[in-house]
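# Understanding the architecture of this molecule
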Amino acid sequence: MKALKLVSKILVIVFAFLFGVIFVCGGWAKEHINEITAYLGQPSYEIIGNAGDDYEEEDTIYYDSDFTSIAELKAAGEEIAEEVSLEGSALLKNGDVGGKPALPLSEGDTVNFYSMSSYDPIYNGTGDQGRAYMNLEYTETHMLDAFTEAGFKVNKDLFDWYRKNYNTYGRKDSDKTLRAWGNAIYKHYTIADASWENIGTAAKENAAEAGIFILSRVAGEGSDTTTHDVGWNPGDMTNGNYLALSPTEISVLTNMKRMKDEGKLKKIIVVLNFSNQVECKFIDEEKYGVDAAIWVGNFGMRGPEALTKILLGDVNPSGKLVDTFWKEHYYNPVLTNFGEVSKSN
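Residues numbered from 1 in each chain as written. Predicted model: local features only at pLDDT ≥ 70, side-chain atom pairs only at ≥ 80, totals over all residues. Heavy atoms only, no water.

### Side note on the overall build of the protein
Across its full length, the protein carries nine helices and ten strands. By sequence separation, contacts in the protein at least 24 residues apart represent 74% of the contacts at least 6 residues apart. (Helix = DSSP H or I, 4+ residues; strand = E, 2+ residues; numbered from the N terminus. Contact = heavy atoms within 4.5 Å.)

Encoded structure:
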């Protein structure tokens with residue numbers, strides 16, 4: 001009986017060890033199957049026939065390409081990207097200006113771009129989809145080029161001020177923390193836009209048919225929206241709310257309203273460039289004087305080009321919002337249980 005128990009213990013230990021080896025080595029072998037196959041001199045494929053052999057030749061190209069070059073393929077992809085932007089954009093407001101709708105604008109109209117996002121808009125989200133952003137052949141004057149090619153007269157001096165001061169006022173990562181579950185970097189983004197007082201060019205006061213304010217936010221995989229002002233950029237948010245107008249954005253929008261009251265701007269247009277919804281109460285508030293508002297989501301490869309066609313009325317922005325846009329997020333019942341919530345009995 002003692003001998004039987006000893007044998008059982010030995011077998012348990014041996015099988016446990018073998019199971020561990022198989023579990024660990026099996027996963028390693030699966031990941032390195034090509035290297036192991038090559039080391040053993042074994043082929044990783046088999047040719048079952050050659051032209052001229054006694055067999056019926058089979059066409060193994062099951063999905064033939066419609067394109068003859070990479071450039072042709074890329075051009076077709078850009079057309080689809082622009083179509084997605086055109087069909088997905090939603091017109092949220094088109095108020096009355098002088099007895100006519102604020103939109104469409106006309107070719108030849110002068111426009112002033114406001115906010116750093118007019119120079120650096122949000123093209124895509126974060127995490128894995130953020131990698132595609134690095135492969136886009138966009139230029140630092142994408143918005144300027146798109147509007148100029150569409151026939152608008154862009155206030156280039158104002159645009160150039162944003163371009164030259166991007167490193168000072170542009171959107172930045174607030175922190176980078178190595179996570180225990182891998183090499184992923186967790187970050188928050190700041191708003192970090194320039195206030196009206198800090199826009200250091202007289203071109204901000206130039207008269208124009210329309211002042212276009214690009215309102216952007218970004219968050220997603222590995223980059224949650226922050227719930228507080230980050231330490232190195234205090235005052236960046238209103239009450240620590242990343243999804244509300246910041247103090248600097250408020251200063252620009254209220255001064256755009258002043259310019260409209262003075263007759264320098266005929267219309268104020270807000271372009272909502274985000275997938276993380278900013279509180280929209282301001283769109284209907286008199287102190288901002290917003291005449292038209294369009295949600296475009298993330299721009300993608302051809303968002304600026306699509307936006308010009310929408311503003312000119314070439315395409316009807318008939319997309320629908322996929323969710324309720326709240327004037328204030330405090331109206332949303334789920335906010336009660338959002339984040340770290342502790343309750344006592």
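### A closer look at the confidence of the model for the protein
Averaged over every residue, the pLDDT of the protein is 84; residues scoring 70 or more account for 83%. Per-residue pLDDT stays below 50 along residues 177-184; that stretch engages in eight contacts with residues further than four places along the chain or on separate chains. (pLDDT = per-residue confidence, 0-100.)

### A closer look at helix 3 (residues 70-88)
Between its first and last C-alpha, helix 3 extends 27 Å over 19 residues, near the 27 Å set by a 1.5 Å rise per residue. Every buried residue of helix 3 is listed here: Ala76, Ala81, Glu82, Ser85 and Leu86. Here the buried face of helix 3 lies against helix 9 (303-311). (Expected span 1.5 Å × (residues − 1). Buried < 20%, exposed > 50% of the residue type's maximum accessible area, 1.4 Å probe, protein only.)

### With respect to helix 5 (residues 142-149)
Of all the positions in helix 5, only His142, Met143, Leu144, Ala146 and Phe147 are classed as buried. Here the buried face of helix 5 lies against strand 4 (110-114), strand 5 (153-154), helix 6 (156-164), strand 8 (208-216) and helix 9.

### So, the sheet that holds strand 1 (residues 90-94)
Spatially, 1-10-9-8-4-5 is the arrangement adopted by the six strands of the open sheet, whose pairing is mixed. In this open sheet, the two strands that pair with only one neighbour each are strand 1 and strand 5. When strand 1 meets strand 10 (residues 292-295), the two strands line up antiparallel, connected through four bridges. Counterpart to Asn94 in the pairing with strand 10 is Ala292. Against the sheet, helix 8 (residues 247-261) contacts strand 4, strand 8 and strand 9 (265-273), and its axis sits at roughly 155 degrees relative to strand 9. (Pairing = 2+ DSSP bridges. Axes fitted to C-alpha atoms, helices over the stretch in contact; angles between N-to-C directions.)

### Considering the side chain of Glu82
Among the secondary structure elements, Glu82 is positioned in helix 3. On the basis of relative accessible area, Glu82 is assigned to the buried category, the value being 8%. Glu82 has contacts with Arg302, Glu305, Ala306 and Lys309, leaving out every residue within four places of it along the chain.

### What about the environment of Gly125?
By the secondary structure assignment, Gly125 is in the loop between strand 4 and helix 4 (131-135). Residue Gly125 is classed as buried on the basis of its relative accessible area, which comes to 13%. Considered as a pair, Gly125 and Glu221 are 96 residues apart in the sequence and their alpha carbons are 8.1 Å apart.

### Re a nonpolar patch on the surface
The grouping of Leu6, Ile10, Leu11, Val14, Phe15, Phe17, Leu18, Val21 and Ile22 at the surface amounts to a nonpolar patch, some 870 Å² of accessible area in total. Judged by its relative accessible area of 51%, Leu6 falls in the exposed class. (Patch = residues over 30% accessible without salt bridge, like charges linked within 9 Å, V, L, I, M, F, W, Y side chains within 5 Å. Areas by Shrake-Rupley, 256 points an atom, 1.4 Å probe, with all protein chains shown as cover. Salt bridge = Lys/Arg side-chain N within 4 Å of Asp/Glu carboxyl O.)

### Some details on the packing of helix 5 against helix 9
Contact geometry for helix 5 and helix 9: axes closest at 9 Å, N-to-C directions at 40 degrees. By the angle between their directions, the pair helix 5 and helix 9 is classed as oblique. Classified by chirality, the crossing of helix 9 by helix 5 is right-handed. Counting all contacts with helix 5, which are made through His142, Met143, Ala146 and Phe147, the residues of helix 9 involved are Pro304, Glu305, Leu307, Thr308 and Leu311. (Parallel < 35°, antiparallel > 145°, perpendicular 65-115°, else oblique. Left-handed = near helix turned anticlockwise from the far one by under 90°.)

### Considerations on the pairing of strand 8
Burial within strand 8 is extensive, with nine of its nine residues counted as buried. As defined by bridge partners, strand 4 adjoins strand 8 across four bridges and the pair is classed as parallel. Bridge pairing in strand 8 links Asn112 to Gly211. Relative to strand 9, strand 8 runs parallel, the two sharing eight bridges. Across the sheet, Leu215 pairs through a bridge with Leu272, a residue of strand 9.

### Here we look at the packing of aromatic side chains
Enumeration over the complete set of coordinates arrives at ten aromatic pairs. Ring geometry for Phe113 versus Phe147: centroids 4.8 Å apart, planes at 85 degrees, classification edge-to-face. With Phe113 in strand 4 and Phe147 in helix 5, this pair connects stretches of sequence that are 34 residues apart. Put simply, the rings of Phe113, Phe147 and Phe152 pair up and form one aromatic cluster. When the ring centre of Tyr242 is taken as origin, the NZ or CZ atom of Arg217, which lies over that ring, is 5.4 Å away. (Phe/Tyr/Trp six-rings, centres within 6.5 Å; stacked < 30°, edge-to-face > 60°. Lys NZ or Arg CZ within 6 Å of the ring centre and 35° of its normal.)

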